[in-house]
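Structural overview for review
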Amino acid sequence: MKYLTDDKLKKINGGGINIGIMIGITAGITFLIGIIDGIVRPLKCN
């Protein structure tokens, strides 16, 4: 088993998800759900 020093641990990249990517994915899913809802049950504007 290898033990890593603090310097080597700080240089490790990967494994994290950027908050902007998560917001983009959530916005895209919400948009698609809105389109599908509008097609399935169209409502008149008041």
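Up top is the structure.
Now for a quick tour of the structure. All values reported here derive from a predicted model rather than from experimental measurement.

Here's the deal with the overall build of the chain
What the chain contains, in helices and strands, is 2 helices and 0 strands. Dimensions along the principal axes, computed over C-alpha positions, put the chain at roughly 65 × 20 × 10 Å. A total of 46 residues make up the chain; the buried ones form 0% of that total. Summed over all atoms, the accessible surface of the chain reaches about 4900 Å², with 67% contributed by carbon and sulfur.

Overview of the pattern of salt bridges
This model, assessed by the stated rule, comprises 1 salt bridge. Residues R41 and D37 are paired through a salt bridge, measuring 2.8 Å at the closest nitrogen-oxygen approach.

Brief notes about the environment of I29
Summarising the element assignment, I29 is placed in helix 2 (residues 19–40). Residue class for I29 comes out partly exposed when judged on its relative accessible area of 46%.

Examining a nonpolar patch on the surface
Together, I17, I19, I21, M22, I23, I25, I29 and I33 give the surface a local cluster of nonpolar side chains, amounting to about 840 Å² of exposed area. One can find I23 in helix 2.

Brief notes about the environment of I39
Inspection of the secondary structure puts I39 in helix 2. On a C-alpha basis, the gap between I39 and K10 in space is 50 Å, while along the polypeptide they are 29 residues apart.

The rules behind the values
- Residues numbered from 1 in each chain as written.
- Predicted model: local features only at pLDDT ≥ 70, side-chain atom pairs only at ≥ 80, totals over all residues.
- Heavy atoms only, no water.
- Helix = DSSP H or I, 4+ residues; strand = E, 2+ residues; numbered from the N terminus.
- Buried < 20%, exposed > 50% of the residue type's maximum accessible area, 1.4 Å probe, protein only.
- Areas by Shrake-Rupley, 256 points an atom, 1.4 Å probe, with all protein chains shown as cover.
- Salt bridge = Lys/Arg side-chain N within 4 Å of Asp/Glu carboxyl O.
- Patch = residues over 30% accessible without salt bridge, like charges linked within 9 Å, V, L, I, M, F, W, Y side chains within 5 Å.

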